[in-house]
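Here is how the chains run, residue by residue.
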Amino acid sequence: MTDRTDDRRHEGERPALSHAVYGISVASELTDIPVQTLRLWERQGLLAPQRSKGGTRRFSADDITLIRRIAALVADGVNLAGVARILDLRDANEALRDNNKALQEDNDILRSAAGYDFEERQSVHSQRARTDGTRNRARQTG
DNA sequence: ATTCTTACA
DNA sequence: TGTAAGGA
């Protein structure tokens with residue numbers, strides 16, 4: 001054993017998923033996507049790998065996963081514009097889900113703070129439909 | 001040696 | 001779309 005103490009013998013160690021460490025050629029080998037295609041996809045807005053100080057692309061494990069998802073869509077015949085829109089829709093859905101969750105939590109807090117008992121209510125929609133119908137009927141008779 | 005952008009056919 | 005030039 002010489003003093004090559006910087007040899008990496010911890011084979012289980014892996015960079016964090018968001019840690020951008022792979023050069024474009026490594027990303028290409030890992031995904032079986034040609035280097036030029038990766039560059040094209042980035043220009044189309046499908047990818048946004050980090051850049052090193054020198055300006056070269058640095059891909060993270062998350063980027064590799066994204067590349068595989070894009071490749072799957074392309075293999076299904078989706079063109080690049082379609083892929084971009086599908087990815088945007090996914091992001092929008094996540095945002096909507098998060099927002100909805102936050103609203104529900106706010107609602108829970110407000111409900112308990114107000115002291116109302118909504119145990120009988122089955123859903124927002126059935127409740128609203130019932131009250132609207134009652135109001136309309138009252139207006140017609142009166 | 002590799003990667004990057006730009007440009008040209 | 002592919003390839004070559006030229007810089008980092």
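Residues numbered from 1 in each chain as written. Chains lettered and ligands numbered in written order. Predicted model: local features only at pLDDT ≥ 70, side-chain atom pairs only at ≥ 80, totals over all residues. Heavy atoms only, no water.

(A) Inspection of helix α1 (residues 24–31) at higher detail. Within the sequence span of α1, burial applies to Ile24, Ala27, Ser28 and Thr31. For α1, the angular spread of buried residues about the axis comes to 105°, placing them on one side. Where α1 is buried, its residues touch α2 (35–43), β2 (57–58) and α3 (61–75). With its phi angle positive at about 65°, Asp32 sits one or two positions after the end of α1. (Buried < 20%, exposed > 50% of the residue type's maximum accessible area, 1.4 Å probe, protein only. Helix = DSSP H or I, 4+ residues; strand = E, 2+ residues; numbered from the N terminus. Arc of directions from axis to C-beta. Contact = heavy atoms within 4.5 Å.)

(B) Seen up close, the UniProt feature "coiled-coil region" (unreviewed entry) in chain A. If you check UniProt for "coiled-coil region" (unreviewed entry), the listed places come out as residues 86–113 in our numbering. Between the end C-alpha atoms of residues 86–113 there is a gap of 40 Å, over a span that is 100% helix and 0% strand. (UniProt positions renumbered as here; feature names shortened; annotations may be inferred.)

(C) Representation of the protein's contact with DNA strand B in the model. All residues adjacent to DNA strand B are Ile24, Ser25, Arg39, Arg51, Gly55, Thr56 and Arg57. Sugar and phosphate atoms represent 100% of those atoms of DNA strand B found within 4 Å of the protein. Between DNA strand B and Arg39, the relevant distance is 2.2 Å, taken from a phosphate oxygen to a side-chain nitrogen or oxygen of the residue. Contacts to DNA strand B include Arg57, whose side-chain N or O atom sits 2.3 Å from a phosphate oxygen. Taken together, the residues of the surface near DNA strand B sort by class into one nonpolar, three polar and three charged. (Near = heavy atom within 4 Å. Polar contact = N/O pair within 3.5 Å; in protein donor to acceptor, adjacent residues only side chain to side chain. Nonpolar A, V, L, I, M, F, W, Y, C, P; charged D, E, K, R; others polar.)

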